[in-house]
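Here are the chains, one letter per residue:
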There are 2 protein chains.
Amino acid sequence: MKIVVDIYGGDNSPNAMIDGAVEALAQIGGVAPDFGIVLAGDEQMIAVRLDELGCSAASANLSVLHAPNIIDCDESPTAAIKRKPDSSLVKALRMVSEGEADAVVSAGSTGALLTGATFIVKRIKGVLRPALAPILPTLKGPVLLIDCGANVDSKPEYLRQFALMGSAYMQKACGINAPRVGLINNGAEAAKGNELTKSAHALLAATDEIVFTGNCEARDILSGDYDVLVCDGFVGNVILKHTEGMAHALTSMLKHELMSGFTSKLGAALSRNAFARFKMRLDYNEYGGAPFLGVNGGVVKAHGSSDAKAIASAVRQAYHYVEGGVTDAIAHAMIQSSVED
Amino acid sequence: MKIVVDIYGGDNSPNAMIDGAVEALAQIGGVAPDFGIVLAGDEQMIAVRLDELGCSAASANLSVLHAPNIIDCDESPTAAIKRKPDSSLVKALRMVSEGEADAVVSAGSTGALLTGATFIVKRIKGVLRPALAPILPTLKGPVLLIDCGANVDSKPEYLRQFALMGSAYMQKACGINAPRVGLINNGAEAAKGNELTKSAHALLAATDEIVFTGNCEARDILSGDYDVLVCDGFVGNVILKHTEGMAHALTSMLKHELMSGFTSKLGAALSRNAFARFKMRLDYNEYGGAPFLGVNGGVVKAHGSSDAKAIASAVRQAYHYVEGGVTDAIAHAMIQSSVED
């Protein structure tokens, strides 16, 4: 198995990407000797960092894909993909489309990654819209939220496919046996919803291949009672970003209160290990990136602020995607559960 | 000024409502001698509680509207409003529509309150859709989120009106001079969005009567950089409930970590005042209820879990609504800023 890591994009590029990839190689290489990493980016830059890390790119498991060009976050995704065939992202995706690699990990522009993956790696047969599916920590276990921004004007049938793809991922990559699927809605009752969710509810309820447990009100997103939560990409984007903003706001508020008195300061100092564990539970870096589901290969979007640890998590995630055969499982689900139009 | 408080509905009915109304009367009565409360519900039940509180309903400022019937949360709002003219909610709303009271506060069924207010109190001329607009605490000050559930399939023009109504409320009821309006969107750039927000962005940018500051990504909802945030009712409902769920999940996670070691437990004990202040900052009860904007009178939805303190806040909010002349301000804004179709 081979995973390409794009060294460009993200706040800590390129060192966090190179360091994280090397870290993941050491971890996964121990259990899967055929596992290999390809670093996509300027070969000189990569060589310097690998040298600093005491690694060699000449090993069978670690190679370099020379790609000097970078796609920036402020470029139009479609134009950038067309105009920069030598960019690390396009070359990385091409390796997957040509069967030379199994998955790509990138912390760069989300738009460029999703557009590039759709154009170059291409959709799995039957998939109407690939979807971005980040994983959130909850009170009990992780939950996959699909879609989170790839499709901001979804149709009911897209949501049905999101449920199938999300279930395939949680089953094959995360080992969850019968993933419980919820539909994000504005009320628990089946009749609740806007035009989209009312129609989607009926479709999901009629899909035998998933375990549909009904509507999920937003207050229960982090309850841990769902493995897959389905929504329109606009709504998913709002949920994801509000989760981030709220975690930040709440910890700021708490810090402010704890620092505003001698006794609380002392108390906070005594509780510092507990706070560190709390922070770790909220740390999205621990959970890797967001798989982009519905294309013919593993595509994992790492968070823009990823450090080396987060990149290593995202690479492990891509490894589990490939190892679990998620692409095939989604292709199979599309055939099994195709709807006559 | 007269405010009717519905004693039914909500988890702590009827005592929290009666106690909260009496508390608010004592607070507001001190500054506004003409202020009066009407308690809507079973007169016997109210008399017993007032007696326990050592109050008398015979005073000029505290009266009772006998209404033995209750609308439950699981009833169809439209049917319940029609079938139960003797319910506390319908009778309370009728007092407003007949000019005998200025505002209603209820912690009961949101659907019944919104439907009842629209049918009985009726829309302000020019208002396409009244909207529910709760207030969230942020890092800097409160923010009004409009709409949060009344309109789950909004049109761009509705969002423009939400901005006008929200601005009028923040200005007149909360004393914020030039309320900064943001549009909840999936990206900061003007061109971002789904069909609805792209069109709404153009409309908002062309509305001179508001201070439109552009798109607000969901991670900035709690930043305090906005006074009014505009969105479709489905999205607003998701944001509101996710905020609640997340506050609950994060405090549970933190509590769990703090309780899992002797030193952290000791630290937490020392920091207990800081935690109490933190909890208060998150406490929606402190911020009163959600005004329902766009109808001919004050209508405030108190949270279902309101205690007496929360009901008192909601009554104060209704007082500020009426005192500030929000209904007239919205009516004026509708005339000023009407769009030729």
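Let us look at the structure shown here. (Residues numbered from 1 in each chain as written. Chains lettered and ligands numbered in written order. Predicted model: local features only at pLDDT ≥ 70, side-chain atom pairs only at ≥ 80, totals over all residues. Heavy atoms only, no water.)

### Quick word on the pairing of strand β11 (residues 290-293) of chain A
Residues and elements named next belong to chain A.
And step 1. The two faces of β11 match: Ala290 and Phe292 on one face and Pro291 and Leu293 on the other face are all buried.
And step 2. For strand β5 (residues 131-132) and β11, the ladder comprises 2 bridges, and the chain directions are antiparallel. By the bridge assignment for β11, Ala131 is matched with Leu293.
And step 3. Both β11 and strand β12 (residues 298-301) contribute to a ladder of 2 bridges, which runs antiparallel. In the sheet register, Pro291 faces β12, and the bridge partner there is Val300.
And step 4. Between β11 and β12, which pair antiparallel in sequence order, lie 4 residues; one of them, Gly294, sits at a positive phi of approximately 115°. (Buried < 20%, exposed > 50% of the residue type's maximum accessible area, 1.4 Å probe, protein only. Helix = DSSP H or I, 4+ residues; strand = E, 2+ residues; numbered from the N terminus. Pairing = 2+ DSSP bridges.)

### Considering the interface of chain A and chain B
A common way to express how large an interface is: the accessible area buried when the components associate.
And step 1. On the chain B side, the residues contacting the 52 residues of chain A number 52 residues.
And step 2. For the pair chain A and chain B, the summed buried surface comes to about 4900 Å²; carbon and sulfur atoms form 71% of the total.
And step 3. Sorting the residues of chain A by area buried against chain B places Phe234, His242 and Met253 of chain A first, and these three jointly supply 14% of that buried surface.
And step 4. If you look at where chain A meets chain B, you find 4 salt bridges.
And step 5. In this structure, the salt-bridge partner of Lys241 of chain A is Glu217 of chain B, at a minimum N-O distance of 2.4 Å.
And step 6. At the junction of chain A with chain B, the criterion picks out 8 residue pairs in polar contact (both at pLDDT 80 or more).
And step 7. Contributions of two or more residues to the side of chain A that touches chain B are made by β8 (180-185), α7 (195-205), α8 (233-258), α9 (262-270) and α10 (272-282) of chain A.
And step 8. If you tally residues by element for the side of chain A that touches chain B, the top one is α8 of chain A, at 21 residues.
And step 9. Here the side of chain A that touches chain B is composed, by residue class, of 24 nonpolar, 19 polar and 9 charged. (Contact = heavy atoms within 4.5 Å. Buried area = accessible area lost by both parts, 1.4 Å probe. Salt bridge = Lys/Arg side-chain N within 4 Å of Asp/Glu carboxyl O. Polar contact = N/O pair within 3.5 Å; in protein donor to acceptor, adjacent residues only side chain to side chain. Nonpolar A, V, L, I, M, F, W, Y, C, P; charged D, E, K, R; others polar.)

### Remarks on the pairing of strand β1 (residues 2-6) of chain A
All names here are of chain A.
And step 1. For β1, the tally of buried residues reaches 4 of 5 residues, placing the bulk of the element in the interior.
And step 2. Alignment of β1 against strand β2 (residues 36-41), held across 5 bridges, turns out to be parallel. Bridge pairing in β2 places Asp6 opposite Ala40.
And step 3. In this fold, β1 hands off to helix α1 (residues 15-31), which returns the chain to β2; that crossover is right-handed.
And step 4. As judged from the 3 bridges shared by β1 and strand β4 (residues 103-106), these two strands associate in the parallel manner. If you follow Ile3 over to β4, its bridge partner there is Ala103. (Right-handed = clockwise from strand over helix to strand, strands pointing away.)

### Details of the relation of the copies chain A and chain B
And step 1. Note on the copies: chain A fits chain B at an RMSD of 0.0 Å, the axial shift is 0.0 Å, and the rotation between them is 180°. Such a turn and shift between the copies fits a two-fold axis. Minimal C-alpha separation from the rotation axis in chain A is found for Gly267 of chain A, amounting to 1.8 Å.
And step 2. Residue by residue, 100% of the interface of chain A is reproduced at the interface of chain B, so both copies engage with the same surface. (Least-squares fit on C-alpha atoms with pLDDT ≥ 70 in both.)

### Some remarks on the sheet that holds strand β8 (residues 180-185) of chain B
All names here are of chain B.
And step 1. Read across the open sheet, the 5 strands follow the order β6-β7-β10-β8-β9; overall the sheet is mixed. Single-partner strands in this sheet number two, and they are β6 (135-137) and β9 (211-217). Each strand of the sheet is rotated relative to its neighbour by a mean of 30°, with strand direction disregarded.
And step 2. Where strand β7 (residues 142-146) lies against strand β10 (residues 228-230), 3 bridges are found, and the strand directions are parallel. Paired with Ile146 across the bridge in β10 is Val230.
And step 3. Taken strand by strand, helix α8 (residues 233-258) contacts β6, β7 and β8, and its axis lies near 140° from that of β7. (Axes fitted to C-alpha atoms, helices over the stretch in contact; angles between N-to-C directions.)

### Focus: helix α6 (residues 156-172) of chain A
An α-helix turns once per 3.6 residues; consequently, residues spaced three or four apart project the same way.
And step 1. Between its terminal C-alpha atoms α6 of chain A stretches 25 Å, which fits the 24 Å expected from 17 residues at 1.5 Å a residue.
And step 2. Among the 17 residues of α6 of chain A, 14 are classified as buried, and the element is accordingly described as predominantly covered. (Expected span 1.5 Å × (residues − 1).)

### Comments concerning the pattern of salt bridges
And step 1. Evaluation of the coordinates by the stated rule reveals 18 salt bridges over all chains.
And step 2. When the shortest N-O distance is used, the salt bridge between Glu244 of chain B and Arg219 of chain A registers 3.7 Å. Of this pair, Glu244 of chain B sits in helix α8 while Arg219 of chain A sits in the loop between β9 (211-217) and β10 (228-230), each in a different chain.
And step 3. For Glu244 of chain B, a relative accessible area of 24% translates into the label partly exposed.
And step 4. In this structure, Glu157 of chain B and Arg160 of chain B form a salt bridge, with 3.0 Å as the shortest nitrogen-oxygen distance.

### Let's talk about the nonpolar core
And step 1. Counting residues in each nonpolar core, the largest one holds 56 residues, and the members touching the most others are Ile184 and Ile221 of chain A together with Ile184 and Ile221 of chain B.
And step 2. When contributions to this core are tallied by element, the ones reaching two or more residues are β7 (142-146), α8 and α10 of chain A together with β7, α8 and α10 (272-282) of chain B.
And step 3. Every residue in contact with Ile184 of chain B, bar those within four places of it in the chain, is listed here: Phe234 and Val238 of chain A together with Leu145, Thr197, Cys216, Ile221, Leu229, Val230, Cys231, Val235 and Ile239 of chain B. (Core = buried A, V, L, I, M, F, W, Y, C linked by side-chain atoms within 4.5 Å.)

### Quick notes on the side chain of Ser154 of chain A
All names here are of chain A.
And step 1. Within the element layout of this structure, Ser154 appears in the loop between β7 and α6.
And step 2. A polar contact is formed between the side chain of Ser154 and the backbone oxygen of Asn151, at a distance of 3.1 Å.
And step 3. For Ser154, the residues in contact, after removing those within four places along its chain, are Leu159, Phe162, Leu196, Asp232 and Gly233.

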